[in-house]
Amino acid sequence: MSVQVFVAANAREGLARVRAQLGDDAVVLSTRPHPQGVELLASAYGELAVPAQGATAEPAGSSRILAELARLRGMLQNQLAGFAWGAARRRDPARVVVMQTLFAAGFGSALARTLAARLPRALDADAAQRWLRQVLIRNLPILAREASPVARGGRYALVGSTGSGKTTTLAKLAARGVDAWGASRVALVAADAYRVGAEAQLAVYAELLGVSLHVARDAAGLAQLLPQLADRRLVLIDTAGHAPSDPRTHEEGRALDALGVERLAVISAAQQGAAVEQAMLRFGHGAATCILTKLDEAPQPGAALDSLIRHRLPLAYLTGGQRVPEDLHVPHAAYLVDRALKGGQLATPYALQAEDWPLLAGVEAERAERREPGGQATPEDARSLKGTSTLKGTSAA
Ligand SMILES: Nc1nc2c(ncn2[C@@H]2O[C@H](COP(=O)(O)OP(=O)(O)OP(=O)(O)O)[C@@H](O)[C@H]2O)c(=O)[nH]1
Ligand SMILES: [Mg+2]
């Protein structure tokens, strides 16, 4: 039997990886917390039969005992997971409903656990769902309309991962800016010196909108250009997309800060949770506000909402399509939360199945066991819980 080790941020991701690599009928032998989240030992179903025909070599005595111990440990953990799951469902069905709803909608485990722990006691499942919806709505940071970049005016650079929708969104914002301030008071700056055709893409929009287009090859060029645009109420700067891990992301952020240019983080909602989180860490920190793009392509925008809630980065706009300028919207918390929770009803191979829950409960039980007396969070919890300690409308139950 060949056993493979999978390390993932949470049990759901781990299970998805196990299934993707070993097939839907893969068998999870054991789980345990890991500094990066959770470690799963799994094997393909067909490989469970031991040993293969014709195999004659007996494993050495000590390794056979170790292998047997590992097998027993896995069995025991799965049994305990089943008990923990059954107990949690009997003891606290509403909390389980909250966790299930959030996981199904793509929210992450740190927020799901925090909210489940703060659910007021004695609520039935329906009341728990209503409470959850209200808490999410209250905690989703939405920028006030009068504080939006177009309403306030200023100098803004759109920053974000490659292809997140920066240039298209810039054109949509420019159209709003023309409505608010007039074409002569709006300027576009092409500062994407990397991508072939980036400037030409922006030139098309500038011509359509009747606004001026300027080019800045680097920070020095931008520093020279900005004083010439002092009479413009809205200056929108298109930057090159980078992968969040690219070191240029930090350098460019610092250069923009030094020039007094505010950053608008453009983050696609149509990505898996880990990618949203990475983009939020790299482009969201230090940004004035955030724009979520590609909502029309996001079956489960819960991950993006989770990241906004934890990082408390105010959301200024949403985009839900490629049309300029139509597909730019002012966000409404209730709409977004309802849309995210609806995403949980989708049947996809990535959704947790009924038989996966005991496994998750096992990981949770083991995590709880390692907490300090008095309910202190584990180091992993502490790292991933950033921002959730200030959740509004919840108190530890
Ligand atoms: N479905 C959908 N597509 C979008 C949305 N916003 C942008 N796009 C599309 O996404 C693709 C990339 O958009 P760009 O605006 O060029 O993205 P970018 O971030 O400027 O890309 P780089 O400059 O290459 O980093 C284009 O095909 C856009 O039409 C949106 O809200 N929904
Ligand atoms: Mg671009």
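Description of the structure in this document. Remember, predicted model here, so these are calculated numbers, not experimental data.

**Remarks on the overall build of the chain**
Line of reasoning, step 1. Each helix and strand in the chain was counted, giving 15 helices and eleven strands.
Line of reasoning, step 2. Sorting the 397 residues of the chain into buried and exposed places 41% on the buried side.
Line of reasoning, step 3. Long-range pairs, those at least 24 residues apart, make up 76% of the contacts in the chain between residues at least 6 apart in sequence.

**A closer look at the site of ligand 1**
Line of reasoning, step 1. Taken together, 21 residues form the shell around ligand 1, and within it Gly-165, Thr-167, Thr-168, Gly-241 and Thr-319 come nearest.
Line of reasoning, step 2. Here the shell around ligand 1 takes three residues from helix H7 (residues 166–181), the largest share from any one element.
Line of reasoning, step 3. In terms of residue class, the shell around ligand 1 is made up of one nonpolar, 13 polar and seven charged.

**Quick word on helix H3 (residues 93–104)**
Line of reasoning, step 1. Between its first and last C-alpha atoms H3 spans 16 Å; for twelve residues at 1.5 Å apiece the expected length is 16 Å, and the two agree.
Line of reasoning, step 2. Taken as a whole, H3 has its buried residues at Ala-94, Arg-95, Val-97, Val-98, Met-99, Thr-101, Leu-102 and Phe-103.
Line of reasoning, step 3. Phi for Gly-106, located one or two positions after H3, is positive at around 95 degrees.

**Considering the sheet that holds strand S1 (residues 4–8)**
Line of reasoning, step 1. With respect to topology, three strands assemble into an open sheet ordered S1-S3-S2, the strand pairing being antiparallel. Two strands bound the open sheet, and with one partner strand each, they are S1 and strand S2 (27–34). Strand-to-strand twist across the sheet, computed as the mean angle between neighbouring axes with direction ignored, equals 20 degrees.
Line of reasoning, step 2. Note: S1 against strand S3 (residues 37–43), five bridges, orientation antiparallel. The partner of Phe-6 across the bridge, within S3, is Leu-40.

**Observations concerning the sheet that holds strand S11 (residues 328–329)**
Line of reasoning, step 1. If you trace the eight strands from one edge of the open sheet to the other, you get S6-S5-S7-S4-S8-S9-S10-S11, paired in mixed fashion. Both outer strands of the open sheet, strand S6 (212–215) and S11, are each paired with one neighbouring strand and no more.
Line of reasoning, step 2. Pairing geometry for strand S4 (residues 154–159) and strand S7 (residues 234–239), over five bridges, is parallel. The partner of Ala-157 across the bridge, within S7, is Ile-237.

**Overview of the nonpolar core**
Line of reasoning, step 1. With 81 residues, the main nonpolar core has Val-98, Ala-174, Leu-236, Ile-267 and Cys-290 as its most contacted residues.
Line of reasoning, step 2. Non-local contacts of Ile-267, meaning those with residues more than four positions away in its chain, are made with Gly-160, Ser-164, Val-276, Ala-279, Met-280, Phe-283, Cys-290, Leu-292, Thr-293 and Ala-304.
Line of reasoning, step 3. Counting 13 residues, the second-largest nonpolar core is a separate cluster that includes Val-18, Leu-22, Val-28 and Ala-42.

**Details of the environment of Asp-25**
Line of reasoning, step 1. As for its position among the elements, Asp-25 is in the loop between helix H1 (11–22) and S2.
Line of reasoning, step 2. Taking the C-alpha atoms as reference points, Asp-25 and Ala-44, 19 residues apart in sequence, are found 7.1 Å from one another.

**A look at the packing of helix H5 (residues 125–139) against helix H13 (residues 333–343)**
When two helices pack together, their arrangement is given by the angle between their axes and by how far apart the axes lie.
Line of reasoning, step 1. At a minimum axis separation of 9 Å, H5 and H13 run at an interaxial angle of 130 degrees. In terms of orientation, H5 and H13 fall into the oblique class. The handedness of the crossing between H5 and H13 comes out as right-handed. Residue-level contacts link Arg-133, Leu-136 and Ile-137 of H5 to Ala-333, Ala-334, Val-337 and Leu-341 of H13.

So, how was this worked out
- Throughout, a residue's number is its position along its own chain's written sequence, starting from 1.
- For this description, chains carry letters from A and ligands carry numbers from 1, given in the order in which they are written.
- Since the coordinates come from a predicted model, pLDDT governs what is reported: local features require at least 70, and pairs of side-chain atoms require 80 or more to be given and counted, while whole-chain, interface and lining totals use all residues.
- Think of it this way: any DSSP run of H or I at least four residues long counts as a helix, any run of E at least two long counts as a strand, and we number them from the N terminus.
- Whether a residue is buried, exposed or partly exposed is read from the other C-beta atoms within 10 Å of its own C-beta, which are placed from the backbone; 20 or more gives buried, 12 or fewer gives exposed, and intermediate counts give partly exposed.
- This entry defines residue contacts through backbone-placed C-beta atoms, with two residues in contact when those atoms are within 7 Å.
- In this analysis, residues qualify as near a molecule or strand once their C-beta atom, positioned from backbone atoms, comes within 6 Å of it.
- Residue classes follow a fixed rule: Ala, Val, Leu, Ile, Met, Phe, Trp, Tyr, Cys and Pro count as nonpolar, while Asp, Glu, Lys and Arg count as charged, and any other residue, Gly among them, counts as polar.
- Here the expected span of a helix is defined as 1.5 Å times the quantity of residues minus one.
- Paired strands are those between which DSSP finds at least two bridges.
- To define axes, lines are fitted to C-alpha atoms, for helices over the stretch in contact only, and angles between the resulting N-to-C directions are given on a 0 to 180 degree scale.
- Here, a nonpolar core means buried Ala, Val, Leu, Ile, Met, Phe, Trp, Tyr and Cys residues linked by C-beta atoms lying within 7 Å of one another.
- Oblique is the label for any angle not covered by the other classes, which are roughly parallel (under 35 degrees), roughly antiparallel (over 145) and roughly perpendicular (65 to 115).
- The handedness criterion is simple: a crossing whose near helix is rotated anticlockwise from the far helix by less than a right angle is left-handed, and one whose near helix is rotated clockwise is right-handed.

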